[in-house]
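Residue-level listing of the chains:
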Amino acid sequence: MNLPRIGVNLPYLDPYAAPDAVVAVAQATERLGFHAVSASDRLLIPTGPHWNNDAGLPESHAWDSLEMLTWAAAHTQRIRVTTGILNSIFQPPVILARRLATLDRLSGGRLDVGVGQGGGTRLPPFYIPEEFIAAGVPVSRRGTGFVEHIAAMRACWAPDPVEFDGERYRIPPSMVGPKPCAGTIPVFIGAITRHTIERTARIGDGFITTAVDWDATGAHVRWYRAAGGTGTVVVNVIPARHQLSPSAFTSAVLSELDRAAAVGADEMHIALQLLSVNPDQQVELLEALATELDLPTP
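So, a few notes on the structure that sits alongside this text. Small disclaimer: the values here were computed from a predicted structure and weren't measured. (Residues numbered from 1 in each chain as written. Predicted model: local features only at pLDDT ≥ 70, side-chain atom pairs only at ≥ 80, totals over all residues. Heavy atoms only, no water.)

**Considerations on the sheet that holds strand β8 (residues 206-210)**
Argument step 1. The strand order β1-β2-β3-β4-β7-β8-β9-β10 describes a closed barrel built from eight strands, whose pairing is parallel. Taken over all neighbouring pairs, the strand axes of this sheet differ in orientation by 25° on average, direction set aside.
Argument step 2. Two strands pair when backbone bridges link them, and strand β1 (residues 5-9) and strand β2 (residues 36-39) are joined in this way by three bridges, in the parallel orientation. Residue pairing in the sheet places N9 in a bridge with S38 of β2. (Pairing = 2+ DSSP bridges. Helix = DSSP H or I, 4+ residues; strand = E, 2+ residues; numbered from the N terminus. Axes fitted to C-alpha atoms, helices over the stretch in contact; angles between N-to-C directions.)

**A few points about the layout of surface pockets**
Argument step 1. The computed volume of the largest pocket comes to approximately 960 Å³.
Argument step 2. Lining the largest pocket are 41 residues; nearest its centre among them are R42, L57, I85, G120 and T210.
Argument step 3. Where the lining of the largest pocket is concerned, the elements lending two or more residues are β3 (80-87), β8 and β9 (232-237).
Argument step 4. Looking at the lining of the largest pocket, its residues break down into 17 nonpolar, 19 polar and five charged. (1 Å grid on protein atoms, 1.4 Å probe; cavity = no way out; pocket = protein on both sides within 12 Å on 5 of 7 lines; lining within 4 Å. Points joined across faces, edges and corners; volume = space filled by probe spheres on them. Nonpolar A, V, L, I, M, F, W, Y, C, P; charged D, E, K, R; others polar.)

**Points about the nonpolar core**
Argument step 1. Counting 79 residues, the largest nonpolar core has L10, V37, L100, W157, F249 and I270 as the members making the most contacts within it.
Argument step 2. Take this core: its biggest share by element is seven residues, from helix α5 (residues 144-157).
Argument step 3. V37 has contacts with V8, L10, A26, T29, L69, A72, I79, R80, V81 and T82, leaving out every residue within four places of it along the chain. (Core = buried A, V, L, I, M, F, W, Y, C linked by side-chain atoms within 4.5 Å. Buried < 20%, exposed > 50% of the residue type's maximum accessible area, 1.4 Å probe, protein only. Contact = heavy atoms within 4.5 Å.)

**Quick notes on the packing of helix α7 (residues 214-226) against helix α8 (residues 246-263)**
Argument step 1. At a minimum axis separation of 9 Å, α7 and α8 run at an interaxial angle of 30°. In terms of orientation, α7 and α8 fall into the roughly parallel class. Viewed along their axes, α7 and α8 form a crossing whose handedness is right-handed. Of the residues in α8, those touching α7 at W214, T217, G218 and V221 are E256, R259, A260 and V263.
Argument step 2. Here the residues of the contact of α7 with α8 are counted per class, giving four nonpolar, two polar and two charged. (Parallel < 35°, antiparallel > 145°, perpendicular 65-115°, else oblique. Left-handed = near helix turned anticlockwise from the far one by under 90°.)

**Considerations on the packing of aromatic side chains**
Argument step 1. Under the definition given, this model contains three aromatic pairs.
Argument step 2. Ring geometry for F90 versus F132: centroids 5.1 Å apart, planes at 85°, classification edge-to-face. Within this pair, whereas F90 is found in the loop between β3 and α3 (93-106), its partner F132 is found in helix α4 (residues 129-135), the two being separated by 42 residues in sequence.
Argument step 3. Relative accessible area serves as the criterion here: at 13%, F90 is assigned to the buried category.
Argument step 4. Pairing F207 with Y224 gives two aromatic rings, centres 5.5 Å apart and planes at 25°, and the pair type is stacked. Here Y224 lies in helix α7 and F207 lies in strand β8, a separation of 17 residues in the sequence. You'll find F207 and Y224 in the same group, each marked buried. (Phe/Tyr/Trp six-rings, centres within 6.5 Å; stacked < 30°, edge-to-face > 60°.)

**With respect to the side chain of Q117**
Argument step 1. Along the chain, Q117 turns up in the loop between β4 (111-116) and α4.
Argument step 2. Since its relative accessible area comes to 12%, Q117 is described here as buried.
Argument step 3. There is a polar contact of 2.7 Å between the side chain of Q117 and the backbone nitrogen of G143.
Argument step 4. The contacts of Q117, once residues within four sequence positions are left out, are N87, I89, F132, R142, G143, F146, T196 and R199. (Polar contact = N/O pair within 3.5 Å; in protein donor to acceptor, adjacent residues only side chain to side chain.)

**Considerations on the pairing of strand β6 (residues 170-174)**
Argument step 1. Here strand β5 (residues 162-165) runs beside β6; their pairing, made up of three bridges, is antiparallel. Looking at β6, one finds that V162 is bridged to S174.
Argument step 2. Remark: four residues form the turn of the hairpin made by β5 and β6, two consecutive strands paired antiparallel.

Here it is as structure tokens:
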């Protein structure tokens, strides 16, 4: 059984998010032979009485994922940088396409883009209404609007002149740049229902999910493959937060790695930012894991 490639979430949540923290974790990830760093998107956390946080989202402020990844890319040479997940429909497609292409060029073509249509809950309606209100985007933009948004971004990455004429997004014939290093950027799509996972298989370059329940995650990967999805499967895992010693952390991650391999994941990203340890300790945990895995170093 081939083990998945390993990625590491950057420290993008307060109180440990900081320029030096990002550099320390990103450079350790590269030095130790891991595959990628990643950062996710969270516009806000509601405070109303109806908010029950069924997904267990951290209450800390999340720093912007693209800026965090740009900073990480500027201080590394090899590792991939991944958005996992960026709620893409909160930004116009031409603006987001240019931001992503700029990061791809700055990183030398190392960007993988995980996108979603505004999640944040594990139960219906599967999104946070307050985020749509704050972003000025109607909830109805989900679904077919999300599909069109991805198509409009890909149009921007294609050769000039760019033109897109959709129901919700229009780009008049234009010169739009910069263009990605390889002419496009891999788009991994986040989804949790069977319908959206099967749609991901049709339009995405890969599938990205979080392993809250491994039985459910295994079913989701099978749905993706059965629907014809041949792209990269990325699984985010959340290590037990009480297992903070290097040995306990390593043991927990190795168990998760075996589970990720069993469900057919190609990559497993560790939600290191959710552990209540400072960046120096995060690096120590990664060093212990790399020693146990005996990873080849660059």
